[in-house]
Amino acid sequence: MYSDFMNIINDIESDFPVSTWKINNIHIWPILRFNLFFLNASLRTSKTRSIPQNKAFSQKKKLFIENLNGVIQAFQSRRLDISHNDNFLDVDFLFLSQATNRNSKIESYWYDRICDPYITIANELNISSLLLECSPSHQYRTPRYSQSIFIQDKINICKFKSKLSKKDTIAERISNLDSFYSFKEYIKSKGLKNLPEAKSLAYQIISIQNMSAYFSKILNHTNPKAGFSVPYYWDIAMAFNLACQQSGIRSIDIQHGIQSSSHVAYARWNAIPTDGYELLPSYFLCWSNSEVELINQWRDKKTQNHQPIAIGNLTLEIWLSGRVKAFKNVNSKISNLFQADNNLIEATTNILFTLQPINDPLPDWVIESIQASPKHWKWWMRLHPAMLSQGDFIEQLLHQNDIDNVNLQSATELPLPALLTNIDVHVTQLSSVVLEADFFNVPSVITDGGAVQLFPEQIKSSMALLATNPKELIDAITQQSLKRKKSKALLCKDRESLIEEAKKILIDIKKDS
């Protein structure tokens, strides 16, 4: 389904002048492209089990209560974790992240799996850094492993001002863009959910501008050489990119997951201005040359902007290098969790199931598979970072189905590399952990046919198999577990040399900015 959607996107880029559509000197095609994706390309199943929602309040009352609660939560989190509040001082690198990226604990501290590895290496190089932390859901994870500044309440003020702004003029300018009406009719003809009304799009543009003005003040105050964000394609990060571009500062996206030929943010930007898009980063830091080649396919010969650089997956590299003492302590502590059960005749097979924040995170047939699995199989169920508030729902679902061989809490809170070191098979619907599991020689099983196209290399090498019913899943896990036991040793690359290469890249970013 993703490739079909991208084909439509590329037809639009071919048939309509999307790269010329500008409002207030901002090319708005990235906003429209991401809108279309999030409205139409969310993965769904034929039978869904949605997370229960509270419908007692109107949308406006709910929004007001959420924002009020957000102010209170931010104040309390700053006060309770005061030792990890940072300050606006001159720095070399400025990072923008989300609280959900703190998705595992290192010695009781919430670790940002994307930015903390970069901050660790930057510190070794005497490169100063500052982490700006957003939490759109107002769920702050404290105590923090690294210092940061909570900025969500300031972001909410920007959005509130945008709600109050007059939008009629910009909405009219959007509607009068060249071929814009025909563009919307084309979307309708393809059976897609159409874009929001022009006034709603106007609000998005005004909101990005207001947030960009806020970030510009921070940039002027901190004078960074470069600004890093993860991921770049949410509205706050696009505003950050815009502020960096207007301030003459490099904006850099850090890879956090899948970057396939079907990814709306990283692939097939077939219509692109010569100077690139203001809302996209000027650089992409990628895990491997595969992602570099993917991005170069659309930027080569079109723009010098949006340059990809292969730096590696620093989260995994730092873990395997053993350079952080706290990581070693975690590895020693979790060994007890994975000790063999002497009451079982067969050796324990440890299975990691990574859940996704979609309509049906745990389909009935997967529950049936867990119920029918052999006694020596132990399941580790990891919540997606955006699902931490739904842990009770998943626990209840497991309890209702008399499933007691699943570890949810440890699987969610432990660092992913610590889990993958001990796991035999990884199972998921579409998580990018398939790529990280492959890095650890852990084979995967994918449970949704629509996601197979996201992992072509793993499917081709059989490091990922597809299963869509209980029998197929049990057979696939059995097959993959045998493969894992034959290649239990980790990759024998020189981890230290890879990190030294990453250091050179970061030094160049600071030096050339």
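Look up a bit, the structure's there.
Turning next to the sheet that holds strand β6 (residues 129-134). Overall, parallel pairing links the seven strands, which are arranged β7-β6-β3-β8-β9-β10-β11 in an open sheet. Strands with a single pairing partner mark the edges of an open sheet, and in this sheet they are β7 (149-150) and β11 (307-310). In the sheet, strand β3 (residues 93-98) pairs with strand β8 (residues 226-229) via four bridges, with the strands oriented parallel. Within β8, the residue paired with Phe 93 across the bridge is Ala 226. Set on the sheet, helix α8 (residues 198-222) makes contact with β3 and β6; between it and β3 the angle comes to about 145 degrees. In the packing of helix α9 (residues 235-247) onto the sheet, the strands contacted are β3, β6, β8 and β9 (250-254), and the crossing angle to β8 comes to about 170 degrees.

So, about the environment of Ser 104. On the secondary structure map, Ser 104 appears in strand β4 (residues 102-106). For Ser 104, a relative accessible area of 3% corresponds to the buried category. Along the sequence, Ser 104 and Tyr 145 sit 41 residues apart, while their C-alpha atoms lie 10.0 Å from each other. Aside from chain neighbours lying at most four places away, what touches Ser 104 is Tyr 109, Trp 110, Tyr 111, Arg 382, Thr 412, Glu 413, Leu 414 and Pro 415.

Here α8 spans 36 Å end to end across 25 residues, near enough to the 36 Å set by a 1.5 Å rise per residue. Just beyond α8, the residue with positive phi is Asn 223, at close to 50 degrees.

What follows covers the environment of Pro 117. Tracing the backbone through its elements, the reader meets Pro 117 in helix α4 (residues 115-124). With a relative accessible area of 0%, Pro 117 lands in the buried category. Linking Pro 117 and Glu 395, residues 278 residues apart in sequence, is a C-alpha distance of 31 Å. Every residue in contact with Pro 117, bar those within four places of it in the chain, is listed here: Tyr 111, Asp 112, Leu 314, Thr 315 and Ile 318.

Moving on: the layout of surface pockets. In this structure, the second largest pocket spans a volume of roughly 860 Å³. Lining the second largest pocket are 35 residues, with Trp 287, Ser 288, Ser 290, Glu 291 and Glu 457 positioned closest to its centre. Looking at the lining of the second largest pocket, the element that brings in the most residues is helix α10 (residues 289-299), giving six residues. A class-by-class count of the residues in the lining of the second largest pocket yields 15 nonpolar, eleven polar and nine charged.

Here helix α5 (residues 152-164) crosses α8 at 140 degrees, and the two axes come no closer than 9 Å. One way to sum up the angle between α5 and α8 is to call them oblique. By crossing handedness, the relation of α5 to α8 is classed as right-handed. Where α5 abuts α8, its residues Lys 154, Ile 155, Cys 158, Lys 159, Lys 161, Ser 162 and Lys 163 lie against Tyr 203, Ile 206, Ser 207, Asn 210, Met 211, Tyr 214 and Phe 215.

To continue, consider the nonpolar core. Grouped together as the largest cluster of nonpolar side chains are 86 residues, with contacts concentrated most on Ile 12, Leu 96, Phe 183 and Phe 215. Per-element tally for this core: the top contributor is α8, with eleven residues. Not counting residues within four places of it along the chain, the set of residues in contact with Phe 183 comprises Ile 12, Phe 16, Trp 21, Trp 29, Leu 32, Leu 36 and Leu 195. In terms of nonpolar packing, the next biggest core, distinct from the first, is built from 50 residues, Phe 95, Val 230, Leu 416 and Ile 509 among them.

So, how was this worked out
- Residues numbered from 1 in each chain as written.
- Predicted model: local features only at pLDDT ≥ 70, side-chain atom pairs only at ≥ 80, totals over all residues.
- Heavy atoms only, no water.
- Pairing = 2+ DSSP bridges.
- Helix = DSSP H or I, 4+ residues; strand = E, 2+ residues; numbered from the N terminus.
- Contact = heavy atoms within 4.5 Å.
- Axes fitted to C-alpha atoms, helices over the stretch in contact; angles between N-to-C directions.
- Buried < 20%, exposed > 50% of the residue type's maximum accessible area, 1.4 Å probe, protein only.
- Expected span 1.5 Å × (residues − 1).
- 1 Å grid on protein atoms, 1.4 Å probe; cavity = no way out; pocket = protein on both sides within 12 Å on 5 of 7 lines; lining within 4 Å.
- Points joined across faces, edges and corners; volume = space filled by probe spheres on them.
- Nonpolar A, V, L, I, M, F, W, Y, C, P; charged D, E, K, R; others polar.
- Parallel < 35°, antiparallel > 145°, perpendicular 65-115°, else oblique.
- Left-handed = near helix turned anticlockwise from the far one by under 90°.
- Core = buried A, V, L, I, M, F, W, Y, C linked by side-chain atoms within 4.5 Å.

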